[in-house]
Amino acid sequence: MADVVQKYIELSSSTPRLQVSAVLQSIIDAPSFTFNQSSRAELIRLLLKDLKSSGPKSKLTHKDAAQALTAVKMLGRDLSGSKPLSEAGNLSTLLNLSTLFKDDPEACTEALKCIANALFLFPDARETLISKEVGGGDICMSMLDKATNPAQIFTLSRIFFLLTVSRSSFIPRLVEEKRHGRTIADIIVAKLDLTMVSILAGAKFAKEAMSDLLKLAFNILLHYPKMVDGEPSVEAKEELNDPWSAKLEGLLPPLLRAYHTLPPTFPMPLAAPLTHIIHTLIIIPVNTSLRPIWFNTNPPAMGRPSISSQTSSSRKSSTTSNSASNSPVLGSPTLEPSESPEPRRSNTPIKSSTIDRALSVISAGRKSLSRSPSPSPPSSSYDVFQRTHDLLEVTFSHHFPDNSDPDSQEVRDAFKKEIEAAGIPSDTSLDDVLTPLVVLCTRLCLADESSRLRMREWTVPPELDRTHPLDERADFLGRCIRLLGSVYHPRLKDAIGEMLYAACDSDATLLSSLFGYGHVAGLLFNKGVMSAPAPPPQPSQSHSSSSSALDPSSSSNMEQREINPITGTYAPTGSTASATADMTEEEKEQEMEKLFVLFDRLERSGSMPASQNPMRKIIEKSMSS
């Protein structure tokens, strides 16, 4: 420990450069336990002092800067002894070094990484960096505006992400004040498009750069609308009472472009930065002013000059004409139409090869993007709901293959192996990965009647074969129903229920008639529906989509068949008996066991008092008789 520090102290301007480099490399390679708190702090101060005075006649020359800053970065990774990096003077030094060595990308990036490490380890350094004494907010914003290197964009975005994690007065200043005519939102828009091109070109750190840009955008979208003075606008109240600010409207187009354009990932279909895009889209409302952007088939081109112009144009489009939101939505890959396009329909269960087919469909619209690094996207139409549905199909097929039980040990073990291979934290669950995508689909359904209709027709198409139990199907419908009874994925289970409920116009009768009351009894119970809703009197008098979904003859000459309201499968031809008349004794016992487990789970969770448990009442009655 003392030897390393002493060797560095003994260096001078006359020391051979190879020896200087060897000493700096020894600091970089030294294990963390090599330094105690005092020696680490001493070495950090010495290095920053020599870097500040670096030159041809100094101990460190400009050519040594990148290696010396890497040494500071490695020393600064340990909490013990790295406190000097959080001091105002040293933060200023690092900022000055990052601008001094702007023509040396490696040295510049290493200086910024030292700042990012300090902000992560010492939260109080965040206020210090943006203080008037240091002025780091303006300097970093100017650097991010000019940055083209993905590694620099990544590090600067990480700095701003840490500065905006908590709600502070810095966030409104960041959003509202312009530097060189641009706000932080304008810069994020430009950098998202730039990193998208870098990802398609396979550039190093491009995905990381976009991921941290998205984290920054998420923080701003989360905090800023809640910090704006005044009552929420009418538009903000329309969508689930979400607070919103028109100053952030320009962030939506590049987010949607990236959502549609990102190439597929393997083995996990949902991975960063796509997962960060989904998280960010979830908190953007589908209100009057944003509806043309969400569902427009021709999003604005990349590299828009200013968010203020985007906001103005989106307002004009929403006030002068509603045709943009009522036009048919065409094509995929991956935002409200009154005329629903023809949905995809299939009578056969989805097999494992469906993943490849679905991915090829999704990637087909991206082929023109992969041929050229041009920042201008092709003139193809985008459909956010189609893209979301495609991702749901692919991810569910991947994580719950065939008709597997979502709670099975095999499913959980396969997921653990995938996240371990991908370097994802081991405490990540399927709930964490899949639930946000389901929530996004739910929000689109709640906002758009056409999306609800399309979701119903995709999930329970008119020609759906109801001969076999729905919960045994190896397709999206079967997977959703099995997840409704999941124990190991509680958030995903609840999200699936909300998505299906939203797709059915939040109508318990329609939901029950499409999926069978037995499959959605728990969901409806949590919504206050204590018993099976009365079925629609006649298919022709029910909801239009319910009628088509329940009428197998709507697209063929087949005779209409009665559907069991409990199981959602076909009742025996010509049967007028009860819903269980077509069930064997074994099937009846299985259904009874399912209901027993369901009501027992509700009672144990506190959702249902023991006195209201119908299964308990039946048991008590049988014991007393």
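Residues numbered from 1 in each chain as written. Predicted model: local features only at pLDDT ≥ 70, side-chain atom pairs only at ≥ 80, totals over all residues. Heavy atoms only, no water.

On to the overall build of the chain. In terms of regular secondary structure, the chain is built from 31 helices and zero strands. In the chain, buried positions account for 53% of the 625 residues. (Helix = DSSP H or I, 4+ residues; strand = E, 2+ residues; numbered from the N terminus. Buried < 20%, exposed > 50% of the residue type's maximum accessible area, 1.4 Å probe, protein only.)

With that settled, consider unusual backbone geometry. For the bond running from Phe-266 to Pro-267, omega is 0°, close enough to zero to count as cis. Residue placement: Pro-267 occurs in the loop between α14 (252-261) and α15 (274-282). In this structure, Pro-273 follows Ala-272 across a cis peptide bond, with omega equal to 5°. Here Pro-273 shows up in the loop between α14 and α15. Positioned with a positive phi, Ser-506 is a non-glycine residue whose angle comes to about 55°. Residue placement: Ser-506 occurs in the loop between α26 (490-503) and α27 (508-515).

With 13 residues, helix α2 (residues 17-29) should cover 18 Å at 1.5 Å per step; its first-to-last C-alpha distance of 18 Å lies within 8% of that length. Buried residues of α2: Val-20, Val-23, Leu-24, Ile-27 and Ile-28, and no others. The buried residues of α2 occupy an angular sector of 145° when projected down its axis, which confines them to one face. Turned more than 90 degrees from where α2 packs its buried face, Leu-18 and Asp-29 sit exposed. (Expected span 1.5 Å × (residues − 1). Arc of directions from axis to C-beta.)

Another aspect to go through is the pattern of salt bridges. Applying the stated rule across the entire model yields 20 salt bridges. Asp-50 is the salt-bridge partner of Lys-59, the closest N and O atoms lying 3.5 Å from each other. What makes Lys-59 buried here is its relative accessible area of 17%. Glu-177 is paired through a salt bridge with Arg-179; the nearest N and O atoms lie 3.8 Å apart. A relative accessible area of 37% places Glu-177 in the partly exposed class. When salt bridges with common partners are traced through the structure, they connect Lys-73, Glu-110 and Lys-113 into a single cluster. (Salt bridge = Lys/Arg side-chain N within 4 Å of Asp/Glu carboxyl O.)

Here we come to the side chain of Asp-383. Structurally, Asp-383 is set in the loop between α20 (367-370) and α21 (384-399). Side-chain polar atoms of Asp-383 contact the side chain of Arg-454, separated by 2.6 Å. (Polar contact = N/O pair within 3.5 Å; in protein donor to acceptor, adjacent residues only side chain to side chain.)

Attention now goes to the layout of surface pockets. If you add up the space inside the largest pocket, you get close to 1,300 Å³. Considering the residues around the largest pocket, the lining is formed by 46 residues, among which Asp-471, Gly-485, Gly-518, His-519 and Lys-594 are closest to the centre. Looking at the lining of the largest pocket, the elements that each hand over two or more residues are α25 (476-483), α26, α28 (517-526) and α30 (585-604). In terms of residue count, α30 provides more of the lining of the largest pocket than any other element does, 10 residues in total. Here the lining of the largest pocket is built from residues that sort into 16 nonpolar, 15 polar and 15 charged. (1 Å grid on protein atoms, 1.4 Å probe; cavity = no way out; pocket = protein on both sides within 12 Å on 5 of 7 lines; lining within 4 Å. Points joined across faces, edges and corners; volume = space filled by probe spheres on them. Nonpolar A, V, L, I, M, F, W, Y, C, P; charged D, E, K, R; others polar.)

Side chains of Glu-472, Glu-586, Glu-587, Glu-589 and Glu-593 sit close together on the surface and give a patch of like negative charge. Relative to the helices and strands, Glu-593 is located in helix α30. With relative accessibility at 52%, the residue Glu-593 sits in the exposed group. (Patch = residues over 30% accessible without salt bridge, like charges linked within 9 Å, V, L, I, M, F, W, Y side chains within 5 Å. Areas by Shrake-Rupley, 256 points an atom, 1.4 Å probe, with all protein chains shown as cover. Lys, Arg positive; Asp, Glu negative; His and termini not counted. Charge placed at Lys NZ, Arg CZ, Asp CG, Glu CD.)

In total, this model carries four aromatic pairs according to the counting rule given. A centroid spacing of 5.4 Å and a plane angle of 10° characterise the contact between Phe-385 and Trp-458, whose relative ring orientation is stacked. Residue Phe-385 is located in helix α21, and its partner Trp-458 is located in helix α24 (residues 449-459); the two are separated by 73 residues in the primary sequence. Each member of the pair, Phe-385 as well as Trp-458, carries the same accessibility label: buried. Plain terms: the ring middles of Phe-396 and Phe-476 are 5.4 Å apart, the flat faces sit at 45° to each other, and that makes the pair tilted. Here the residue Phe-396 occupies a position in helix α21, and Phe-476 occupies one in helix α25, the gap between them amounting to 80 residues. Each member of the pair, Phe-396 as well as Phe-476, carries the same accessibility label: buried. Three or more aromatic residues link up through ring pairs in this structure, and these residues are Phe-396, Phe-400 and Phe-476. For Lys-59, the ring lying beneath its charged end belongs to Tyr-8, and the centroid distance is 4.6 Å. (Phe/Tyr/Trp six-rings, centres within 6.5 Å; stacked < 30°, edge-to-face > 60°. Lys NZ or Arg CZ within 6 Å of the ring centre and 35° of its normal.)

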